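Understanding the architecture of this molecule
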Amino acid sequence: MIGYKSNFPEMLSHSQTRMGRGSPLCKQMREQIVEQFKNNISQRAIARNLGISSSTVRNIIKRFRESGEITARKRQGRKPTLNARDLRSLRRYCIKNRHQCIKDITTWAQEHFKKPLSVTTVRRYICKCKLKLYYAKKKPFINNTQKRRRVHWAQAHLRWTDAKWKSVLWSDESTFQIVFGNCGRRVLRTNEEKNHPNCYRRKVQKPASVMVWGCISAQGMGNLHICEGTIDAERYIQVLEQHMLPSKQRLFHGRPCLFQQDNAKPHSARVTTAWLRSKRVRVLDWPACSPDPSPIENMWRIMKHKIRQRRPRTVDQLKLYIKQEWERIPPEKLQKLVSSVPKRLLSV
């Protein structure tokens, strides 16, 4: 009985240091094995003293002799569900079907690879393919003829200097809407809060809106006109006469310049073209369905973002905010936007 009590703590210490099957030994145990090996104790005696198997002692001593290290080697781990060949097939399918959701890709992967794959597993392997889900850029739909004309137009204007682009008066129309409810496309919530009223993104069917016309240049902001009702050719000519010509005179002081406008029906009407010719206004030719090369589009986006943060509640308040934000655009921002036109042409 006395001998049993004296041996019990020693047995308990060995059982505490011993780990489960397949688990690496702790660092202290490895150091004890190497220390006893240096004291010329046999491997069988070391295994008996520490209460571990002889093969474990032999492997640790072998690794210490070869590399001088006692750390455990990196294990191979569980084999991946998809090998390199499967990853290449998954990448090809994702690139071919870029607009599919993860659930549809998972359904295809389960049928193609004949393996039980979850949505989380497929998402992880898509990241291994160096692919990631992003919000797609919104671009107007153009056919092949319009694509060729865009490329030819961009190539023809690539050699224009910054001074040439600074002599352009950029014009465009845009629509501003009254914002209701929350503005963000995403919301921070738990899985159980999906039906919480504060987590909804509320929207109305037809919010009140205001259509404006404006023009800018690298020299500064032109006039801003708030349009009432629809714009036809006759009303557009009135806008040009009351706002475009004074802006042109104020910004360029009689120096030669080019007037830019898109190919909307009121802009390309015969009456409008004849009026511009009679006023000796040189118009920059513009490809169809090409709002992206124009820097005024970015300026509209900046203004809409700022007005959305101010959250107007009425149409009169919206008009007031539009005029205020139009006057707050700094000249440095305009020069930076106009200077980025050559990069836009290269992307085209």
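Residues numbered from 1 in each chain as written. Predicted model: local features only at pLDDT ≥ 70, side-chain atom pairs only at ≥ 80, totals over all residues. Heavy atoms only, no water.

The next subject is the packing of helix 3 (residues 43–50) against helix 4 (residues 54–67). Where helix 3 meets helix 4, the closest approach of the two axes is 9 Å, and the angle between their N-to-C directions is 120°. In terms of axis orientation, helix 3 runs oblique to helix 4. As for how helix 3 packs across helix 4, the hand of that crossing is right-handed. Across the interface between the two elements, Gln-43, Arg-44, Ile-46 and Ala-47 from helix 3 touch Ser-54, Val-57, Arg-58 and Ile-61 from helix 4. (Axes fitted to C-alpha atoms, helices over the stretch in contact; angles between N-to-C directions. Helix = DSSP H or I, 4+ residues; strand = E, 2+ residues; numbered from the N terminus. Parallel < 35°, antiparallel > 145°, perpendicular 65-115°, else oblique. Left-handed = near helix turned anticlockwise from the far one by under 90°. Contact = heavy atoms within 4.5 Å.)

A few words on the pairing of strand 1 (residues 168–177). Burial analysis of strand 1 places 8 of its 10 residues in the buried class, which makes it a mostly covered element. Relative to strand 4 (residues 258–260), strand 1 runs parallel, the two being bridged by 3 bridges. For Leu-169, the partnering residue across the bridge sits in strand 4 and is Phe-259. Pairing geometry for strand 1 and strand 2 (residues 209–217), over 8 bridges, is antiparallel. (Buried < 20%, exposed > 50% of the residue type's maximum accessible area, 1.4 Å probe, protein only. Pairing = 2+ DSSP bridges.)

Moving on to the domain arrangement of the chain. Domain boundaries assigned for the chain yield domain 1 (27–67), domain 2 (84–129) and domain 3 (150–346). Here the C-alpha centre of domain 3 lies 41 Å away from the C-alpha centre of domain 2. (Domains from an automatic or database assignment.)

Turning to the pattern of salt bridges, a few remarks are in order. The full count for this structure, using the stated rule, is 5 salt bridges. Here Arg-150 makes a salt bridge to Asp-292, at a shortest N to O gap of 3.2 Å. With Arg-150 in helix 8 (residues 144–156) and Asp-292 in the loop between strand 5 (283–284) and helix 13 (296–310), the pair connects residues that are 142 residues apart, well separated along the chain. Owing to a relative accessible area of 12%, Arg-150 belongs among the buried residues under this scheme. Take Asp-292: its relative accessible area is 22%, and that puts it in the partly exposed class. Among the salt bridges present, the one from Arg-328 reaches Glu-325, with a minimum N-O distance of 3.4 Å. Relative accessible area serves as the criterion here: at 5%, Glu-325 is assigned to the buried category. Taken together, the shared-partner salt bridges connect Arg-310, Glu-325 and Arg-328 into one network. (Salt bridge = Lys/Arg side-chain N within 4 Å of Asp/Glu carboxyl O.)

Taken together, the side chains of Lys-138, Arg-201, Lys-203 and Arg-308 present a region of like positive charge at the surface. Relative to the helices and strands, Arg-308 is located in helix 13. (Patch = residues over 30% accessible without salt bridge, like charges linked within 9 Å, V, L, I, M, F, W, Y side chains within 5 Å. Areas by Shrake-Rupley, 256 points an atom, 1.4 Å probe, with all protein chains shown as cover. Lys, Arg positive; Asp, Glu negative; His and termini not counted. Charge placed at Lys NZ, Arg CZ, Asp CG, Glu CD.)

Moving on: the packing of helix 10 (residues 233–252) against helix 12 (residues 270–278). At a minimum axis distance of 9 Å, the contact between helix 10 and helix 12 shows a crossing angle of 25°. When the axis of helix 10 is compared with that of helix 12, the two are roughly parallel. Considering how the two elements wind past one another, helix 10 and helix 12 form a crossing that is right-handed. Taking contact as the criterion, the partners of Ala-233, Tyr-236, Ile-237, Leu-240, Glu-241, Met-244 and Leu-245 in helix 10 are, on helix 12, Val-271, Thr-272, Trp-275 and Leu-276.

With 13 residues, helix 5 (residues 84–96) should reach 18 Å at 1.5 Å per residue; the first-to-last C-alpha distance of 18 Å fits that figure. If you check which residues of helix 5 are buried, you get Asp-86, Ser-89, Leu-90, Tyr-93 and Cys-94. Mapping the buried residues of helix 5 onto a view down its axis gives an arc of 135°, with all of them on the same face. In this structure, helix 5 carries Arg-85, Arg-92 and Lys-96 as exposed residues pointing more than 90 degrees from its buried face. On its buried face, helix 5 is in contact with helix 6 (102–113) and helix 7 (119–128). (Expected span 1.5 Å × (residues − 1). Arc of directions from axis to C-beta.)

Judged by pairing direction, the sheet is mixed, and its 5 strands sit side by side in the order 3-2-1-4-5 without closing on themselves. With partners counted over all chains shown, the strands left at the sheet margins are strand 3 (220–227) and strand 5, one partner each. Across the sheet, helix 13 is in contact with strand 1, strand 2 and strand 3; its angle to strand 1 comes to roughly 35°.

Here we take up the nonpolar core. Of all hydrophobic cores here, the largest spans 32 residues; its most connected members are Trp-165, Trp-170, Met-299, Trp-300 and Ile-322. Those elements that provide at least two residues to this core are helix 8, strand 1, strand 2, strand 3, helix 13, helix 14 (315–327), helix 15 (331–339) and helix 16 (341–347). Among the elements that line this core, the one with the most residues is helix 13, at 5 residues. (Core = buried A, V, L, I, M, F, W, Y, C linked by side-chain atoms within 4.5 Å.)

Let us look at unusual backbone geometry. Positive phi is not limited to glycine here, since Asn-40 has a value of about 60°. One non-glycine residue, Lys-114, lies in the positive phi region at around 60°. Examined against the element boundaries, Lys-114 turns out to sit in the loop between helix 6 and helix 7. Owing to a relative accessible area of 70%, Lys-114 belongs among the exposed residues under this scheme.

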